[in-house]
Amino acid sequence: MPLYPYQERVKELIQAGKSVILQAPTGAGKTRAALSPYIENFFDRDDGSTPRKCIYSVPMRVLANQFEAEYKKLSSSYQRRNKEEIKVTIQTGERPEDRELKGDLIFCTIDQFLSSYLTMPYGLPRRLANLNAGALVGSYLVFDEFHLLDPDSTLPSTLYAVKRLSRVAPVLLMTATFSESVLNALKDELYNAEVVLVDPDEARLIETSFGEKEARQRTWQVAEAQLSASAILKKHKKRSLAICNTVRRAQELYRELRDSVKGKDIDVLLLHSRFLQEDRQEIEQRIKALFGRDNSEGSVIAIATQTIEVGVDITSETLHTELAPASALIQRAGRCARYAGEQGQVIVYPVEKLSPYGTDSENSAWGKEMKDALDWLKEHNNEIYDFGKEHEFVNRVATPRDESILLKLSAGEPSRTEAINNVLIGADLVSAGRLLVRDADSKRVLIHPNPDEITLDPYLANGFNLPTKTLFGMLKEWLERDIDVDWRVRRLIESPDSDESNRTDYGWERLSDSSQLTATQIIVVNPELAGYLKDEGFVSDTGNTDFVSTLPDIEARAEREGFSYHQESYEDHIKRVLDAFQDISLKELTYSAKALEQAAGWSDGSVMRAVWLACLFHDVGKLSTGWQGWARAYQKQIGMPILNTFAAGHTENEWKNQEHKEAESAVHKKHPKPNHAGESALATAQVIAKSFTQESEKDLVKAILTAITRHHTPFASECKTYALEVQAESHIFVTLDFVPEGIRKRVNLELLRGELKTIQNSFSNLLIAPDDTFGWMAYVLLVRSLRRSDQEGTARGTRQEA
């Protein structure tokens, strides 16, 4: 099927390297508009001139699930026509299947994008905090339903990110309902951007493009009382959909309806964000089948939350919705009479509380808009709303709030920039981090009677992602409930940042106050306090449901991801890391490196040279007398001694071997294992600096040194005293044969700094700061490549020796 005119326009602009702000009605094919240029470029322009990775961010997990399934099938069909396949992945709190953003086309929720950009990625331990940010640099970024982002947190934080990232790759912001003032303001925020609007005439043509003669018709009505089971049943024909603002309200309404239809031939389904993945997918599939375009079988009522209000391809005869902001109401209405020729009714019900859209005050931004929306709807009660009418509704009701948002964005930019910089350097991950992603901020909730059984990697245990602000109320109730249990709630504790090992040690600490909730990503609840029901999902008020969080088979993953090491020489390790870089990162970096060089004004090939040098020199600090002395003492302790002339890159250490653990502990008492990352950076700083001659590339040099310093600990900023061994230079000299000749010729090992006798406070001056925009982008790009290559090179060494 050919593209619509507006889709062709979007494709032309994106392929020309421009960013786009797109406004199109629900059901008009925005996803196809977004991905057509990327897919075409992926197969037809495989020369490094366009982004190889696309990160598609959505506000709701159900959208990520739907798009991932759809485009995985399409990817298979593309592979049949082309030799290469687009690797389609998903990363959400519910389905953390691409925690390191390795896919080509990644569907994720906005919290995953933002937390990755802010170097506090949800789903990864703090040890890997700086791993994902580099995946965003040079990627084609798509943001669907942009208008649903919280104007006080996720919206300005995302704008901060895309304003910078759009300097090196196209960005597409899509909305159905932003007012024109916001669309034009967004254009000014992005680099080299244009606005694309779908006018009412084209919208009508799209509606009737499947051959129907009549456009769809939706009649809007305002109810006098709050949403109830009786109100739904009174209007029910064959397919009714009710959307509630909170999970608790949806569960209450579901129970009420379930009891009301007993003995009647009516199916009642519930869908929200707190189901286990397999149950949620089953419910989603049932809803898609029962509310599909061509289905007319049976009688069904579905109760849902915002999880279903955007993008889901379903239709209903009657849509019942609690009052929400104008943009959300328009999105919800898109699930009623969705297709040309259909007629439906949208009924809006007043609410007692404004949650989750803000405080229960009509003076708040959301409160005022919701009140204005209700008043406008009453004035236009029982009228038919087409795209033009819906646009009129949004412009009339949302424009005042949108304009106040624009003023707040401008006024709050200095303080927000300061907060973001503090997060990026690891200074304020708790309070500032929550401020920046407050609306999307969530915690993983596990249920287990003995949490120590899931400490190997709690991030992989099956559980539930709940908004932090919702958890505050639940936690208070759990702590105060009149029940006799040994413990109630515990929070996850991770090993400190100073540890340069590739392992994270976990433990649990009793959580006795709500203030402790912000300082962790995962909590575990006693199963006597909370539970899980297959038809209702996670229930905070019902315990003893027989559900317990479990871990997947983790032993194979432990071996694969470097929990074990085998002894290897320094030279062998560096070669394996450089080989891994060429295999897993080189192609992905081709576009990003060129785009960053062009944006920053750096010389051709400078960023790729920087990655080679970072991988080449990242472990020079291991050639110190202290580190090699520790390695020899440890190897002797386990009965596998090494010669003094042998430079170890890794020692023998199997994660399940108790003797190795005891040996490590015994050696540590006499000879603590020194750090090596900051030492590697300082020792090679002059060598690296002399490899770049352009004055503007000083920030790139800082980026390399920062990547080396932080390739184990993401916020490291110090270097301890050290002295390289006498033979260190000869070991490094061997590794020069592993890099391209053009890079090798630039390396002068006479500039190595052989020792540091006293700790210098000036070391931090060698590191890049977040306010150096292009230097910081280079740093996160380099450290991602280095960490992935180091991880894979280490794993190859482990497999080779095994």
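No experiment lies behind these values; they were computed from the predicted model shown.

Participant: Honestly, the overall build of the protein chain in this entry has me stumped. Any pointers?
Facilitator: Check the secondary structure of the protein chain and you find 27 helices and 25 strands. Expected size for 802 residues packed as a compact globule is a radius of gyration near 28 Å; at 28 Å, the protein chain falls within 12% of this value. Expressed as lengths along the three principal axes of its C-alpha atoms, the size of the protein chain is roughly 85 × 65 × 50 Å. Counting only contacts in the protein chain whose residues sit at least 6 apart along the sequence, the fraction spanning at least 24 positions is 77%. Carbon and sulfur atoms form 47% of the exposed surface of the protein chain, whose accessible area is close to 31,600 Å².

Participant: Whenever I open this one, the sheet that holds strand E3 (residues 88-91) confuses me. Can you help?
Facilitator: Strand pairing within a sheet occurs via backbone hydrogen bonds; the two strands may be parallel or antiparallel. Ordered by their spatial adjacency, 7 strands build an open sheet running E3-E4-E2-E5-E6-E1-E7, and the pairing between neighbours is parallel. Both edges of this open sheet fall to E3 and strand E7 (193-197), since each of them pairs with a single strand only. On average, adjacent strands in this sheet sit at an angle of 15° to one another, irrespective of strand direction. With 4 bridges joining them, strand E1 (residues 19-23) and strand E6 (residues 171-175) adopt parallel strand pairing. The residue of E6 that forms the bridge with Leu 22 is Met 174. Against the sheet, helix H1 (residues 5-15) contacts E1, strand E5 (140-143), E6 and E7, and its axis sits at roughly 175° relative to E7.

Participant: Quick question: what am I supposed to make of the state of the cysteines here?
Facilitator: Formally, a disulfide is one covalent bond, and it connects the sulfur atom of one cysteine to the sulfur atom of another. Enumeration according to the criterion identifies 0 disulfides in this entry. Unpaired in this structure, Cys 54 has its nearest cysteine sulfur neighbour in Cys 108, at a distance of 9.6 Å. When its relative accessible area of 2% is taken as the criterion, Cys 108 is described as buried.

Participant: Please clarify how the pairing of E5 should be interpreted in this entry.
Facilitator: Sheet faces and side chains relate simply in a regular strand, where the side chains alternate between the two faces. What you see with E5 is no split at all: Tyr 140 and Val 142 on one side and Leu 141 and Phe 143 on the other are buried throughout. The pairing of strand E2 (residues 54-58) with E5 spans 4 bridges and is classified as parallel. Bridge pairing in E5 places Ile 55 opposite Leu 141. Chirality of the crossover, the property in question, places the unit of E5, helix H6 (residues 154-165) and E6 among those that are right-handed.

Participant: What's the story with the pairing of strand E8 (residues 217-222) in this structure? I'm lost.
Facilitator: Relative to strand E13 (residues 343-349), E8 runs parallel, the two sharing 6 bridges. Note that in E13 the partner of Trp 220 across the bridge is Val 346. Taken together, the 2 bridges between E8 and strand E14 (residues 383-384) define a ladder with antiparallel strand orientation. Within E14, the residue paired with Thr 219 across the bridge is Ile 384.

Participant: What is the right way to read the sheet that holds strand E12 (residues 318-322) from this model?
Facilitator: Here 7 strands make up an open sheet; going across it, the order is E10-E11-E9-E12-E13-E8-E14 and the pairing mixed. Because the sheet does not close on itself, it has two edges, and the strands there are strand E10 (267-271) and E14. Of the strands in this sheet, strand E9 (239-243), E10 and strand E11 (300-304) are in contact with helix H11 (residues 277-290), which crosses E10 at around 130°.

Participant: What should I look at first to understand H6 in this one?
Facilitator: Along an α-helix, residues three or four positions apart point the same way, because every turn accommodates 3.6 residues. Given a rise of 1.5 Å per residue, 12 residues ought to cover 16 Å, and the 16 Å separating the end C-alpha atoms of H6 matches this to within 8%. Of all the 12 residues making up H6, 11 are buried; the element is thus mostly covered by neighbouring parts of the structure. Those residues of H6 not exposed but buried are Thr 154, Leu 155, Pro 156, Ser 157, Thr 158, Leu 159, Tyr 160, Ala 161, Val 162, Arg 164 and Leu 165.

Participant: It is not clear to me how the environment of Ser 592 should be interpreted in this structure. Could you clarify?
Facilitator: Tracing the chain through its elements places Ser 592 in helix H19 (residues 586-600). A residue is classified by how much of its surface remains accessible, and Ser 592, at 5% relative accessible area, is buried. Distance in space between the C-alpha atoms of Ser 592 and Ala 215 is 44 Å, their sequence separation being 377 residues. If sequence neighbours within four positions are ignored, Ser 592 has contacts with Val 137, Gly 138 and Leu 781. Here Val 137 takes part through its backbone oxygen, which lies 3.1 Å from a polar atom of the side chain of Ser 592.

Participant: Where do I start with helix H10 (residues 247-260) in this structure?
Facilitator: Under the 1.5 Å per step criterion, the end-to-end length of H10 is 20 Å for 14 residues, consistent within 8% with the ideal 20 Å. Within H10 the residues assigned to the buried category are Val 247, Arg 249, Ala 250, Gln 251, Leu 253, Tyr 254 and Leu 257.

Participant: For this particular structure, what's the right way to read the pattern of salt bridges?
Facilitator: For side chains bearing opposite charge, pairing can occur when the charged atoms are close. Scanning the entire structure with this criterion turns up 41 salt bridges. Between Glu 8 and Lys 11 there is a salt bridge, with its nearest N and O atoms 3.9 Å apart. Within this pair, Glu 8 and its partner Lys 11 are both found in helix H1, separated by 3 residues, close to a single helical turn. Assessed through its relative accessible area of 13%, Lys 11 is described here as buried.

Participant: Explanation requested: the nonpolar core in the structure shown.
Facilitator: The tendency in soluble globular proteins is for nonpolar side chains to be buried as a group. Among the nonpolar cores identified, the biggest contains 121 residues, and Tyr 6, Leu 22, Leu 172, Trp 220, Ile 303, Phe 393 and Trp 478 are the most heavily contacted of them. A total of 7 residues in this core trace back to one element, the largest contributor, which is helix H2 (residues 30-44). Residues in contact with Phe 393, not counting those within four places in the same chain, are Trp 220, Ala 326, Leu 329, Ile 330, Ala 373, Trp 376, Leu 377 and Ala 398. In this structure, Ala 133, Val 607, Ala 610 and Ala 681 belong to the second largest nonpolar core, which totals 104 residues.

Participant: Could you clarify how one ought to interpret the confidence of the model for the protein chain in this entry?
Facilitator: Residues shown with low pLDDT carry predicted positions that ought not to be read at fine detail. Mean pLDDT over the protein chain: 88, with 92% of residues reaching 70 or higher. Mean pLDDT across the secondary structure elements of the protein chain bottoms out at helix H17 (residues 555-560), with 48, and peaks at helix H20 (residues 606-617), with 98.

Participant: Would you mind showing me how to read the environment of Val 607 here?
Facilitator: Within the secondary structure layout, Val 607 lies in helix H20. Using a relative accessible area of 1% as the deciding quantity, one classes Val 607 as buried. Residues Val 607 and Leu 460, spaced 147 residues apart in sequence, show a C-alpha to C-alpha distance of 34 Å. For Val 607, the contacting residues outside a window of four places in its chain are Ala 593, Leu 596, Glu 597, Trp 602, Leu 700, Leu 781 and Leu 782.

Participant: I tried to follow the packing of helix H4 (residues 110-117) against H6 on my own but got confused; where do I start?
Facilitator: Geometry of a packed helix pair, given as the angle between the helix axes and the separation of the axes. Between H4 and H6, the shortest axis-to-axis distance is 11 Å and the interhelical angle comes to 60°. In terms of orientation, H4 and H6 fall into the oblique class. You can see that H4 and H6 cross each other, and the crossing is left-handed. On H6, the residues touching Ile 110, Phe 113, Leu 114 and Tyr 117 of H4 are Thr 154, Ser 157, Thr 158, Tyr 160, Ala 161, Arg 164 and Leu 165. Class assignment of the residues belonging to the contact of H4 with H6 gives a composition of 7 nonpolar, 3 polar and 1 charged.

Cut-off values and rules
- Residues numbered from 1 in each chain as written.
- Predicted model: local features only at pLDDT ≥ 70, side-chain atom pairs only at ≥ 80, totals over all residues.
- Heavy atoms only, no water.
- Helix = DSSP H or I, 4+ residues; strand = E, 2+ residues; numbered from the N terminus.
- Rg over C-alpha atoms; globule rule 2.2 N^0.38 Å.
- Contact = heavy atoms within 4.5 Å.
- Areas by Shrake-Rupley, 256 points an atom, 1.4 Å probe, with all protein chains shown as cover.
- Pairing = 2+ DSSP bridges.
- Axes fitted to C-alpha atoms, helices over the stretch in contact; angles between N-to-C directions.
- Disulfide = S-S within 2.5 Å.
- Buried < 20%, exposed > 50% of the residue type's maximum accessible area, 1.4 Å probe, protein only.
- Right-handed = clockwise from strand over helix to strand, strands pointing away.
- Expected span 1.5 Å × (residues − 1).
- Polar contact = N/O pair within 3.5 Å; in protein donor to acceptor, adjacent residues only side chain to side chain.
- Salt bridge = Lys/Arg side-chain N within 4 Å of Asp/Glu carboxyl O.
- Core = buried A, V, L, I, M, F, W, Y, C linked by side-chain atoms within 4.5 Å.
- pLDDT = per-residue confidence, 0-100.
- Parallel < 35°, antiparallel > 145°, perpendicular 65-115°, else oblique.
- Left-handed = near helix turned anticlockwise from the far one by under 90°.
- Nonpolar A, V, L, I, M, F, W, Y, C, P; charged D, E, K, R; others polar.

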